[in-house]
Amino acid sequence: MNKDFSKYQKIINEFSGQVLNSDFEARFNAVTKKIPKTERFLLKMELKRLAAPCSRLIDLRGHVDGECKTFEHEDRIHFLDNLASLAFTEAFSRYGGYTLGVYEATMNTENNFRVIYHKEKSKVNKTPSEDTTKILEKSQYPAQFCSFGPYHNRVEERMNFVISIQVTIDKEPEFECSTLDLSVNGCKFRVNSLKPFSIGQQISLRFSGLEEQFQLSADSDFIYEVKNVTVLDNMQLVGVKRINQEKSGTDAFTQYLVSFIQGNKRRYKINLDNTISALQARSFEQYVLPKSNELPIFIEKNANILTPKYALTCNNNQGIYQYWQDEKHYSTLYCLITPERIVRLRKLALSGKSLLVFSFIHKSQGKSYFYTADEIQLAEDPEFMPQFLGFAASKEHFSVTQLNLLDIVSNRAESNFTLSNSITKQNEYLNAPIPEEIKSLLDKTPYIVVVSDVTQDESVQAYQSLSFEGINTVKLKRFGHKRLSKPFSVDEVGINYRNQRQELRFTYKAPASIEIDQVISQGTSINFSTSGLKIELDKATTLVAGDIVYLGFPKLQKITSSFDLTGLPYEVMRVNRAKTMVNLRVFVEKHQHIGRKFFKALIDKNRDKLTSDEYVQSSPGLAKALRNIYSGSSNTLSLIVQTSGSRYKSEIIAGGDSDGKLMSAMKQLSDRSSYYNLYPIFGHAEIMTSLTAKLKKMPHTETASSKVLYIAINTSFDTVDKSVTIKLSSELDNEELKQKFIHQALKNGKFFCVMMKLSRTAEPDMSHLNPELSYISSYAIHRGKQIEQDIWSVAGIAQVFDITKEVLFNYRLTRSA
């Protein structure tokens, strides 16, 4: 019924389960005599509807803010949290049976996400002051962790099916229990007491519940091996796999199960837990990786020499990648990741530690010279350390980099779809194994070095305050890196799930001029397409994304008289960190654009001579394999920001690993098991407000917006709001305040400093997600729609970098200076 009966809820509660009573009509008429006749009739129909028997199964996993457990009732297995279990039991006692009223009461508990969403939408009359007070009082920001891989595929489909079975452990007396799901060669069953099960143990099962459908003989006890055991309170969930089958699986019972599951899986539904969790993680992965703010470098081993080989790049980490390039755009990552530094990183990785590297670029006679020193090198000469840092920080191209080394786990390269044995021939390529060529390349790639830029203005100012008067130039030169006689090659591999480029780009160098507000800058084109181009400027520019500039191509003008190649309007799309590389797109003021017509004609006439400018890929499939390995290995926290009505929420922490001091601290602050409390990040009143305002205006092409948070956790307090103190870097606007905050935090408990980088997400590539989404929807259409809605609700990614090590390094250095 679509009518809202909320105003008659008291009457509905009073007459719940009494529709069939003999005195129902008389009592109902007496209570509703003042209600209009039409309303009274509709209300009676509603009571009868709620009293109608119901056979629906309830599965609230992923739909409520609570932990769901199995709830057995009248031979039905539901999945309910504690609140829903209470609602079910209370409604059942009122209605005297499982009716639609019981079903709806269970589906509409206060912690149901759908109910929460509708309540948020209805809060239109709430005053801002009330909202602000509620935000300030809130001390729990619960979030669950979502791991990127591995995604476990099932060899066979499992059907949710409850039947009685007889179980025999060793030579003990058999006992009866019931299955939860069933496949041709395995099942999961529930035992309502604790039995001596162990992994690898062989047990005997007899499917007594199938005796009516299948003729079980005296020797129809089948041997199964215990594969997993889960204990919930005093209940055990045991997963088993059949062994000692007849050859080729042709025994009568196997054939019966194949036929039985195939004929009933639409009725009893397939167990989709692994597919649902894989799809949710895969969708978040597709949002997070293209917005990565760290640069993963894959290290190759050749003749016992370790050198950088592949760099996974995207829009957000291009600044780091381009910083480590010389004046000719050749990679200088060999200066940052030296063989000696890799040895130090391997030792630090054993205890989960990172390495800080301080660098600057000296430019002379049009050439770039790189200087780097890590914290271990500097610690060897305490007197020279402040001089080097003071001198380096005084340079224009000063950077502080944090390096983390990760071991490569080669089996992470594969990320199979979880479609069991139902995958069609047309889609078999989706689960194709990695080619041998890729495996041989990965065998020579033992490590990933993750490069994070942790440079922040406050730290740079502190380093600049250090005196470098009378610096020893001989010692300084030791940290300089020699220029190589041959260019150093690092393959740039794009983190792409689909190619965002609408047109092919071609490499072509030609002089170009950029004019804005009568100021002309000279440069050279790097590549072009019909709708845009990239230009490297001779000097740093003040251009920003969104500026409209006018281009001229003097050399190209000499080879054509058909096109006027002066004053061509283009829009600035992106400017690199050094302010020397500009990406441009045609800006159409009227109906035509001369630049577009010219470059189209140039491409059409010289297609065979032009070189396409695409990401380097040494071998097909390499990019996917490297991307999968990195996503399953990364330790960086990524907060998924989703729309919730007109607001934003963040309740998912996505990443490859949940280890780390900050994650442990947030877990201890949570009042719920298996959840993390994001209060140390969102507990500051300004964070969510500024995040919301920024996200609403930010285009997905814009680079990440940063904020630095100082966090103190005093473990002597019981309440979260008193235990945790959060300050923005802008609030600690001088060195004295910052030093005092850090000192007090270390004295009273724990100190963290994090850099949060917020990015707007683009649309997902549904072609990459559709195989699993379609599989789920074919058995649970409502669940499929809910998951698809969740996928499209993602609006932003907030990556959280723990920069505590650099801040404490700076703190101790400046205190002793």
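Residues numbered from 1 in each chain as written. Predicted model: local features only at pLDDT ≥ 70, side-chain atom pairs only at ≥ 80, totals over all residues. Heavy atoms only, no water.

### A look at the overall build of the protein chain
Each helix and strand counted, the protein chain has 28 helices and 32 strands in total. Of the roughly 41,400 Å² of accessible surface on the protein chain, 49% is carried by carbon and sulfur atoms. Across the protein chain, the centroid of the 104 positively charged side chains sits 3 Å from that of the 92 negatively charged ones. (Helix = DSSP H or I, 4+ residues; strand = E, 2+ residues; numbered from the N terminus. Areas by Shrake-Rupley, 256 points an atom, 1.4 Å probe, with all protein chains shown as cover. Lys, Arg positive; Asp, Glu negative; His and termini not counted. Charge placed at Lys NZ, Arg CZ, Asp CG, Glu CD.)

### Things to note about the nonpolar core
Ranked by internal contacts, the top residues of the largest apolar core, which has 79 residues, are Val167, Phe189, Phe197, Ile203, Leu205 and Phe207. Looking at which element gives the most residues to this core, the answer is helix α9 (residues 273-288), with seven residues. The next biggest cluster of nonpolar side chains, apart from the first, holds 39 residues, and it includes Ala393, Val454, Val460 and Val807. (Core = buried A, V, L, I, M, F, W, Y, C linked by side-chain atoms within 4.5 Å. Buried < 20%, exposed > 50% of the residue type's maximum accessible area, 1.4 Å probe, protein only.)

### Details of the sheet that holds strand β14 (residues 367-374)
Sheet architecture is open: seven strands sit in the order β14-β13-β15-β16-β11-β12-β17, paired in mixed fashion. Two strands lie at the open edges of the sheet, namely β14 and β17 (491-494), each paired on one side alone. Neighbour-to-neighbour, the strand axes of this sheet turn through a mean angle of 30°, independent of strand direction. Looking at chain direction, strand β12 (residues 305-313) and β17 are connected through four bridges and run parallel. Following the sheet pairing, threonine 313 is matched in β17 by glycine 494. (Pairing = 2+ DSSP bridges. Axes fitted to C-alpha atoms, helices over the stretch in contact; angles between N-to-C directions.)

### Quick notes on the state of the cysteines
All told, the structure shown has zero disulfides when counted by the stated rule. Here cysteine 187 stays free of any disulfide, with the sulfur of cysteine 177 as its closest cysteine sulfur at 8.4 Å. Taking the relative accessible area as the measure of exposure, cysteine 187 reaches 6% and is therefore buried. (Disulfide = S-S within 2.5 Å.)

### Regarding the side chain of asparagine 583
For asparagine 583, the location among the structural elements is in strand β24 (residues 581-586). Beyond its immediate stretch of four places on either side in the chain, asparagine 583 contacts Arg505, Leu533, Lys534, Glu571, Val572, Met573 and Arg574. (Contact = heavy atoms within 4.5 Å.)

### Some details on the packing of helix α26 (residues 766-779) against helix α27 (residues 781-792)
Close contact between α26 and α27 brings their axes to 7 Å; oriented N to C, the two are set at 155°. As judged from the angle between their axes, α26 and α27 are roughly antiparallel. Residue-level inspection shows Met766, Leu769, Leu773, Ile776, Ser777 and Tyr779 of α26 in contact with α27, the latter providing Ile781, Gly784, Ile787, Glu788, Ile791 and Trp792. Residue composition of the contact of α26 with α27, grouped by class: nine nonpolar, two polar and one charged. (Parallel < 35°, antiparallel > 145°, perpendicular 65-115°, else oblique. Nonpolar A, V, L, I, M, F, W, Y, C, P; charged D, E, K, R; others polar.)

### A word on the packing of aromatic side chains
Under the counting rule described, the total for this entry stands at 37 aromatic pairs. Judged by centre distance (5.4 Å) and plane angle (40°), the ring pair of phenylalanine 207 and phenylalanine 253 falls under tilted. Here phenylalanine 253 lies in helix α8 (residues 252-268) and phenylalanine 207 lies in the loop between β8 (202-206) and β9 (222-232), a separation of 46 residues in the sequence. Grouping residues by exposure puts phenylalanine 207 and phenylalanine 253 together as buried. Look at phenylalanine 506 and phenylalanine 528: their rings are 6.3 Å apart centre to centre, the planes differ by 40°, and that puts the pair in the tilted class. Of this pair, phenylalanine 506 sits in strand β18 (residues 506-507) while phenylalanine 528 sits in strand β20 (residues 519-528); the two residues are 22 residues apart in sequence, bridging distant segments of the chain. For the pair formed by phenylalanine 506 and phenylalanine 528, the shared burial category is buried. These aromatic residues form a ring-pair network of at least three members: Phe360, Tyr371, Phe384, Phe388, Phe391, Phe468 and Phe479. (Phe/Tyr/Trp six-rings, centres within 6.5 Å; stacked < 30°, edge-to-face > 60°.)

### Quick word on helix α20 (residues 622-633)
The end-to-end C-alpha distance of α20, which contains twelve residues, comes to 17 Å, matching closely the 16 Å that a straight helix rising 1.5 Å per residue would cover. With eleven of twelve residues buried, α20 is to be regarded as a mostly interior element. (Expected span 1.5 Å × (residues − 1).)

### Brief notes about the sheet that holds strand β32 (residues 794-802)
What holds strands together in a sheet is hydrogen bonding between their backbones, with the strands either parallel or antiparallel. Taken in spatial order, the eight strands of this open sheet run β28-β3-β27-β26-β32-β31-β29-β30, and their pairing is mixed. Both edges of this open sheet fall to β28 (676-677) and β30 (724-728), since each of them pairs with a single strand only. The sheet contact formed by strand β3 (residues 142-147) and β28 spans two bridges and is antiparallel. Its bridge partner lying in β28, alanine 143 is registered against tyrosine 676.

### Regarding the pattern of salt bridges
Under the counting rule described, the total for this entry stands at 27 salt bridges. Aspartate 491 is the salt-bridge partner of lysine 309, the closest N and O atoms lying 3.9 Å from each other. With lysine 309 in strand β12 and aspartate 491 in strand β17, this pair connects stretches of sequence that are 182 residues apart. A relative accessible area of 9% places aspartate 491 in the buried class. One network of salt bridges, in which partners are shared, links Asp59, Arg61, Asp273 and Arg783. (Salt bridge = Lys/Arg side-chain N within 4 Å of Asp/Glu carboxyl O.)

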